[in-house]
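# Commentary on secondary and tertiary structure
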Amino acid sequence: MMKTNPFWRRLRAALRRREPPPAAIFQSAWKHQAMVSVSFVDRRRSLHNVECRIHDIRKGRVNLELVFPLRAALLERGRCALYFKLPPAVLKREFGIRSSPGQNGFLCRSSLIPGTIDARGDVRDISVEMPRGYTRRELRRHERYRVFSGQVDDAGLWIPARTAPGAPPDLPGTGRQYAVRLVDISAGGAKAILEDVEFFDEFTLLDESRLLLRLSLNLTSGERLDTFLLCRCVSSSYSIRLRRLTLLLQFLSPCAPPDHGAAELSTDMDAAAANGDEETDRSGIAVIRHWLAADYERLTAGGPEGSKNGGD
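Overview of the structure.

The number of helices and strands found in the chain is five helices and 16 strands. Total accessible area computed for the chain in this model is approximately 17,500 Å², and 50% of it derives from carbon and sulfur atoms.

See the structure below:
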């Protein structure tokens, strides 16, 4: 029996592993109604992330419909980044791709073209040039949702007096408590802002520290959902000019509040953090995930500027 040349074996294997072209990937995203996150910088040099659905694909362009309209003043022609995810079953069935963890997402670079402006000065659709390539990459495990007025009744953050990385926090009541504003939230974390706060030495040690977040979320039934969450501060930044502290938080685990109103923290902080990390990596905090699924969209429909941002 004649042996096959190793060169042809390698060539055939390479062709079988060849990535599908961007046009085929976008056609699949259109077919399966995948949400597309578009990131761009506006005229004021501020970064925006907007969620879109593919309206159609024609003449080398992907026409996108914004989930929520944008002010025309924010949009102009320029570079942008696109990101969307396809289920592993779709990748395997349509392209023969057996995706490994962290490779279900597609990141592309393109050029943004604003659509028509309506009578209110809003843009409801945009177009992007069909990207020439992409990178398979998982940018986030949990989708982030923008928070608008009416969704969160109240939010507070407790910063322990000792916040050195790896050190357990002090007992409740010995640190500082602040009212916070949530910018976005996911099942795995949130972006929070403390407005008009004086700078304290503790702020320099926030990164990787354990914080306590108290949330009072509005429900469509008219009631409120109160929860306490143990968090890890992923990053922090303080603006001296604006007197504003911005925090990126990762949810670790829920905390049960006792009768006196302060949340009880586990005495074994390392174990609680490890268990929380495992839970959050898998499916996020259950109570937040259920709120996003059952109440967020309905509350968003009643708000003027609710929007899903894409994740953490």
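With that settled, the discussion passes to helix 2 (residues 22–31). All of the buried residues along helix 2 are Pro22, Ile25, Phe26, Ser28 and Ala29. For helix 2, the angular spread of buried residues about the axis comes to 155°, placing them on one side. One or two positions beyond helix 2, positive phi appears at Gln33, with a value near 55°.

Another point: the nonpolar core. Residues Leu157, Ile185, Leu215, Leu247, Leu249, Phe251 and Ile288 are the most contacted members of the largest nonpolar core, which totals 32 residues. Counting only elements with at least two residues in this core, the list comes to strand 9 (152–159), strand 11 (181–185), strand 12 (189–194), strand 13 (210–218), strand 14 (224–239), strand 15 (244–255) and helix 5 (286–301). A total of five residues in this core trace back to one element, the largest contributor, which is helix 5. With residues near it in sequence (within four places) discarded, Leu157 still touches Arg176, Gln177, Tyr178, Val180, Leu194, Leu211, Leu212, Leu213, Leu247 and Leu249. In terms of nonpolar packing, the next biggest core, distinct from the first, is built from 31 residues, Phe26, Phe40, Ile57 and Leu112 among them.

Attention now moves to the side chain of Asp122. Take Asp122: it is sitting in strand 6 (residues 122–129). Within the structure, Asp122 has its side chain in polar contact with the side chain of Arg71 (distance 2.8 Å). With residues near it in sequence (within four places) discarded, Asp122 still touches Pro69, Leu70, Arg71, Ala72, Thr116 and Ile117.

Rules of the game
- Residues numbered from 1 in each chain as written.
- Predicted model: local features only at pLDDT ≥ 70, side-chain atom pairs only at ≥ 80, totals over all residues.
- Heavy atoms only, no water.
- Helix = DSSP H or I, 4+ residues; strand = E, 2+ residues; numbered from the N terminus.
- Areas by Shrake-Rupley, 256 points an atom, 1.4 Å probe, with all protein chains shown as cover.
- Buried < 20%, exposed > 50% of the residue type's maximum accessible area, 1.4 Å probe, protein only.
- Arc of directions from axis to C-beta.
- Core = buried A, V, L, I, M, F, W, Y, C linked by side-chain atoms within 4.5 Å.
- Contact = heavy atoms within 4.5 Å.
- Polar contact = N/O pair within 3.5 Å; in protein donor to acceptor, adjacent residues only side chain to side chain.

Read these as geometric descriptors, not functional statements.
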